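Observations on chain architecture
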Amino acid sequence: MPYKRNPMRCERCCSLARHLMVIANDPLQTASVQWLERTLDDSANRRICLPEAFLTADIILNTLQNILEGLVVYPKVIEKHVNQELPFMASENIIVAMVTAGANRQECHEHIRVLSHAASDQVKQHGKENDLVDRIRSSSYFSPIHSKLECLLDPSSFTGRAAEQVDRFLKEEVQPALCSYRDILGMTASVEV
């Protein structure tokens, strides 16, 4: 497809990754029948599958490095997709906020269900933007939480501890592992297609 940026290299990685997963079965099947005896079926299999697995993993990693070095992230596109789905994801938080404000849970669920389905219909049937938040703002039923909607729709409130966990993982696991490769970090991968 002409609009894709790295279709051949990405598809190659996918294909080779499937191959690498299958190679792992080779020594497993050998081990299951030779009972750890050092027979020729063991060594013949090792001479083929071990180098092939390492070479396959190597080219996958080189190709992925090459792809990722040219990675372009489009924050506005991500923001658009998040904003398109966020109101639906926030519906449970809106129900909880309404119940906290004194509303009946079942009644609130029904109100938001009706509004969600109407907004979903606009998106799916008519190709329009998700207007669930506007529908909630225009509904007098949800007036107790109108002032809290911005907070309830904050995308960062849906990621939990993910940012903290990633930072900790990078600091405690990745950085120490990279220290021994300090002199070769920053190299670029060139892959001939």
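Conventions and cut-offs
- In every chain, residue numbers begin from 1 and rise along the written sequence.
- The predicted nature of this model means local features are confined to residues of pLDDT at least 70 and side-chain atom pairs, given and counted, to a pLDDT of 80 or more, with totals for whole chains, interfaces and linings taken over all residues.
- The side-chain quantities take in all heavy atoms of the structure and omit both hydrogens and water.
- Each helix is a run of DSSP H or I of at least 4 residues and each strand a run of E of at least 2, with the numbering of both proceeding from the N terminus.
- Just to be clear, the radius of gyration here is over C-alpha atoms, and the globule rule we use is 2.2 Å times residues to the power 0.38.
- Per-residue accessibility, obtained with a 1.4 Å probe over protein chains only, is compared with the maximum for each type, and a residue is labelled buried under 20%, exposed over 50%, and partly exposed between these values.
- Within this analysis, patches are made of residues with over 30% relative accessible area and no salt bridge. Like charges are joined at 9 Å or less; nonpolar side chains (Val, Leu, Ile, Met, Phe, Trp, Tyr) at 5 Å or less.
- The protein chains shown are the only cover counted for residues, whose accessible areas, like all others here, come from Shrake-Rupley with a 1.4 Å probe.
- The term salt bridge refers to a side-chain nitrogen of Lys or Arg lying within 4 Å of a carboxyl oxygen of Asp or Glu.
- What a helix is expected to span follows from its residue count: subtract one and scale by 1.5 Å.
- At any given residue, the bend is defined as the angle formed between two axes, one fitted to the seven residues that end at that position and one fitted to the seven that begin there.
- Two residues qualify as a contact provided that any one of their heavy atoms is within 4.5 Å of a heavy atom in the partner residue.
- In summary, the pairing rule links any two rings of Phe, Tyr or Trp, Trp by its six-membered ring, whose centres are within 6.5 Å, and it sorts them by plane angle into stacked for under 30 degrees, edge-to-face for over 60 and tilted for everything else.
- Nine residue types can take part in a nonpolar core, namely buried Ala, Val, Leu, Ile, Met, Phe, Trp, Tyr and Cys, and a core is a set of them joined through side-chain atoms within 4.5 Å.

Side note on the overall build of the chain
In terms of regular secondary structure, the chain is built from 9 helices and 0 strands. Secondary structure elements of the chain occur, N-terminal to C-terminal, as α-α-α-α-α-α-α-α-α. The C-alpha atoms of the chain give 26 Å as radius of gyration, which overshoots the globular expectation for 193 residues (16 Å, by more than 25%). Along the longest, intermediate and shortest principal axes, the C-alpha atoms of the chain span 80 × 40 × 40 Å. For the chain, the proportion of its 193 residues judged to be buried stands at 24%.

A short note on a nonpolar patch on the surface
Among the surface-exposed residues, Leu-61, Leu-64, Leu-68, Leu-71, Val-73, Ile-78 and Val-82 lie close enough to one another that they form a single nonpolar patch of about 640 Å² accessible area. At 3 residues, the largest contribution of residues to the nonpolar patch is made by helix α3 (residues 40-69). Among the structural elements, Leu-61 can be located in helix α3. The exposure class of Leu-61 is exposed, given its relative accessible area of 58%.

Considering α3
The end-to-end C-alpha distance of α3 is 44 Å, a good match for the 44 Å that 30 residues give at a rise of 1.5 Å each. Of all the bends found along α3, the most pronounced is centred on Arg-46 and spans about 30°. Of the residues making up α3, those classed as buried are Asp-42, Ser-43, Asn-45, Cys-49, Ala-53, Thr-56, Ile-60, Thr-63, Asn-66 and Ile-67. Buried residues belonging to α3 abut α1 (7-23) and α2 (25-34).

Let's talk about the packing of aromatic side chains
If you walk through the whole model with that rule in mind, you get 1 aromatic pair. When the ring of Tyr-141 is compared with that of Phe-142, the centres are 5.2 Å apart and the planes differ by 85°; the resulting orientation is edge-to-face. Among the residues examined, Tyr-141 registers a relative accessible area of 19% and is labelled buried. Phe-142 gets classed as buried once you look at its relative accessible area, which sits at 0%.

Things to note about the nonpolar core
In terms of nonpolar packing, the biggest core is built from 20 residues, with Ile-94, Met-98, Ile-136, Phe-142 and Ile-145 touching the most fellow members. When residues of this core are traced back to their parent elements, those giving at least two are α5 (91-100), α6 (105-126), α7 (132-138) and α8 (149-152). Once residues lying within four places of it in the same chain are set aside, the contact partners of Ile-136 are Ile-94, Ile-112, Leu-115, Phe-142, His-146 and Leu-149.

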